[in-house]
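Each chain is listed here by its residues.
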Amino acid sequence: EQGDRVAEAFQAAGFDSFEQRLVAAGERGGQLDIIFRAISIYYQRERSVSRAIQMSAVYPLIVLNAVAVIGPIPELFLESFASFVFSVFINLFVIWALILGSYFLIKLTWRNNAFQFIWFRVPLVGWFLRTTYQYRWAMVMRIELHAGVSFADAAADAWMATDFANREVRARQATEGSSQPLSQQMLHWPELPVDWSEYLSTAEESGKIDDTLQMLESLAEDEWQNAHKRLSSFMPVLLYIVLLLGVGAFVFSFVYNRFYPFLDATDLF
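This text gives an overview of the structure that appears in the document. (Residues numbered from 1 in each chain as written. Predicted model: local features only at pLDDT ≥ 70, side-chain atom pairs only at ≥ 80, totals over all residues. Heavy atoms only, no water.)

1. A short note on a nonpolar patch on the surface
Together, Val-69, Ile-70, Ile-73, Leu-76, Phe-77, Leu-78, Phe-81 and Val-85 give the surface a local cluster of nonpolar side chains, amounting to about 790 Å² of exposed area. Broken down by secondary-structure element, the contributors of at least two residues to the nonpolar patch are helix 3 (32-70), helix 4 (74-78) and helix 5 (81-109). Sort the elements by how many residues they give to the nonpolar patch and helix 4 lands first, with three residues. As for its placement among the helices and strands, Leu-78 is situated in helix 4. Among the residues examined, Leu-78 registers a relative accessible area of 57% and is labelled exposed. (Patch = residues over 30% accessible without salt bridge, like charges linked within 9 Å, V, L, I, M, F, W, Y side chains within 5 Å. Areas by Shrake-Rupley, 256 points an atom, 1.4 Å probe, with all protein chains shown as cover. Salt bridge = Lys/Arg side-chain N within 4 Å of Asp/Glu carboxyl O. Helix = DSSP H or I, 4+ residues; strand = E, 2+ residues; numbered from the N terminus. Buried < 20%, exposed > 50% of the residue type's maximum accessible area, 1.4 Å probe, protein only.)

2. Remarks on the packing of aromatic side chains
Summed over the entire model, instances satisfying the criterion amount to 13 aromatic pairs. With a centroid separation of 5.9 Å and an interplanar angle of 10°, the aromatic rings of Phe-120 and Tyr-133 are classed as stacked. With Phe-120 in helix 6 (residues 113-120) and Tyr-133 in helix 7 (residues 125-146), this pair connects stretches of sequence that are 13 residues apart. Since its relative accessible area comes to 13%, Phe-120 is described here as buried. Measuring from centroid to centroid gives 5.4 Å for Trp-159 and Trp-189, while their planes differ by 85°, and the two rings are edge-to-face. A residue pair is termed long-range when its members are at least 10 positions apart, and Trp-159 in helix 8 (residues 151-161) and Trp-189 in the loop between helix 10 (182-185) and helix 11 (194-206) qualify at 30 residues. Classification of Trp-189 by relative accessible area gives buried; the value is 2%. These aromatic residues form a ring-pair network of at least three members: Phe-120, Tyr-133, Trp-137, Trp-159, Phe-164, Trp-189 and Trp-196. (Phe/Tyr/Trp six-rings, centres within 6.5 Å; stacked < 30°, edge-to-face > 60°.)

3. Focus on the side chain of Arg-136
Locating Arg-136 in the fold gives a position in helix 7. Since its relative accessible area comes to 3%, Arg-136 is described here as buried. If near-sequence neighbours (up to four positions away) are discounted, Arg-136 is found in contact with Phe-18, Tyr-42, Tyr-43, Ala-161, Thr-162 and Asp-163. (Contact = heavy atoms within 4.5 Å.)

4. Some points on the packing of helix 6 against helix 7
Two elements in contact, helix 6 and helix 7, have axes whose closest approach is 7 Å; the angle formed by their N-to-C orientations is 115°. The angle between helix 6 and helix 7 falls in the class roughly perpendicular. Taking contact as the criterion, the partners of Gln-116, Trp-119 and Phe-120 in helix 6 are, on helix 7, Val-125, Gly-126, Leu-129, Arg-130 and Tyr-133. Looking at the contact of helix 6 with helix 7 residue by residue, the classes come out as five nonpolar, two polar and one charged. (Axes fitted to C-alpha atoms, helices over the stretch in contact; angles between N-to-C directions. Parallel < 35°, antiparallel > 145°, perpendicular 65-115°, else oblique. Nonpolar A, V, L, I, M, F, W, Y, C, P; charged D, E, K, R; others polar.)

5. Some details on the environment of Ser-50
With respect to the helices and strands, the residue Ser-50 is situated in helix 3. On the accessibility criterion, Ser-50 (37% relative accessible area) is partly exposed. Through-space distance from the C-alpha of Ser-50 to that of Ser-232 is 7.8 Å; in sequence the pair is 182 residues apart.

6. Considerations on the pattern of salt bridges
One pass over the full model with this rule turns up three salt bridges. The partner of Glu-27 in a salt bridge is Arg-5, and the shortest N-O contact between them spans 3.8 Å. Placement of the pair is Glu-27 in helix 2 (residues 17-29) and Arg-5 in the segment before helix 1 (6-12), with a sequence separation of 22 residues. Of the residues examined, Glu-27 reaches a relative accessible area of 18% and is grouped as buried. Two residues, Arg-142 and Glu-217, come together in a salt bridge whose shortest N-O distance is 2.4 Å. Of this pair, Arg-142 sits in helix 7 while Glu-217 sits in helix 12 (residues 209-267), and the two are 75 residues apart along the sequence.

7. Comments concerning the nonpolar core
Core analysis: the biggest nonpolar cluster contains 50 residues, and Leu-22, Trp-137, Met-141, Leu-182, Met-186, Trp-189 and Trp-196 have the highest contact counts within it. The element that contributes the greatest number of residues to this core is helix 7, accounting for twelve residues. Other than its neighbours up to four places away in sequence, Met-141 contacts Phe-151, Ala-154, Ala-155, Ala-158, Leu-182 and Leu-213. (Core = buried A, V, L, I, M, F, W, Y, C linked by side-chain atoms within 4.5 Å.)

8. Looking at the packing of helix 2 against helix 7
Each packed pair of helices is defined by two parameters, the angle between the axes and the distance between the axes. Contact geometry for helix 2 and helix 7: axes closest at 9 Å, N-to-C directions at 20°. Between helix 2 and helix 7, the angle is such that the two are roughly parallel. Here helix 2 runs over helix 7; the crossing is left-handed. The residues of helix 7 that touch helix 2, namely those facing Phe-18, Arg-21, Leu-22, Ala-25, Gly-26 and Arg-28, are Arg-136, Met-139, Val-140, Ile-143 and Glu-144. Counted by class, the contact of helix 2 with helix 7 contains six nonpolar, one polar and four charged residues. (Left-handed = near helix turned anticlockwise from the far one by under 90°.)

9. Thoughts on the side chain of Thr-131
Examined against the element boundaries, Thr-131 turns out to sit in helix 7. A residue is classified by how much of its surface remains accessible, and Thr-131, at 2% relative accessible area, is buried. A polar contact of 2.9 Å, which involves the side chain of Thr-131, links it to the backbone oxygen of Phe-128. The contacts of Thr-131, once residues within four sequence positions are left out, are Ala-220, Glu-223, Trp-224 and Ala-227. (Polar contact = N/O pair within 3.5 Å; in protein donor to acceptor, adjacent residues only side chain to side chain.)

This is how it looks when you write it as structure tokens:
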């Protein structure tokens, strides 16, 4: 409404660097319709995985809350109603404190530069992050080159769009190494697959850069979807393990509290 370009409007509205740079590249190359479609598909897939993880968490949470309520029932008969209510409150407080604490900890550290290196080394989670970086890099790189941006600037913008914690260093390396072929620079970027450098080296000789980047983007998208599926299928397993540990802790606590006074009394004799 104020006459700014679309990319400037996206920046003013607070969209992340991935969206801003994709829109800027699409605007330069006259491909905004393709860009918006790509962003839509990207976030639809992320949302479907998030929903799958959320749905898989419903049943374990219901069981954990049921155990928190059912576990102290013997206290109704052995002690008092007030003791039962107090135990239920403590159990529910501990469960939800752990759940909400874990949620906010992940949310705060997910995009933090220092913690992202830790997440990068967690099994499955690290694979998911790595494939996300690769898919975003290949997508932005292809669109930037199609818009007429130089190889060095396109690679730098692609790194900045990845949200990788070390993106500024990689972007600076891409700009400073503009005298080298991109395939040679990629050998120093361990976040990208090694064979990408070989594919791009062949493309540089044959001149089929655009076709090769489309192929790399397609490969990266397949890996990204596989990482999504593996992560979403692993989450229920992890939640059930937590559920079993929680139930075991409740059973141990109940048995210990019921029988420890009796064992302590027998030691007196």
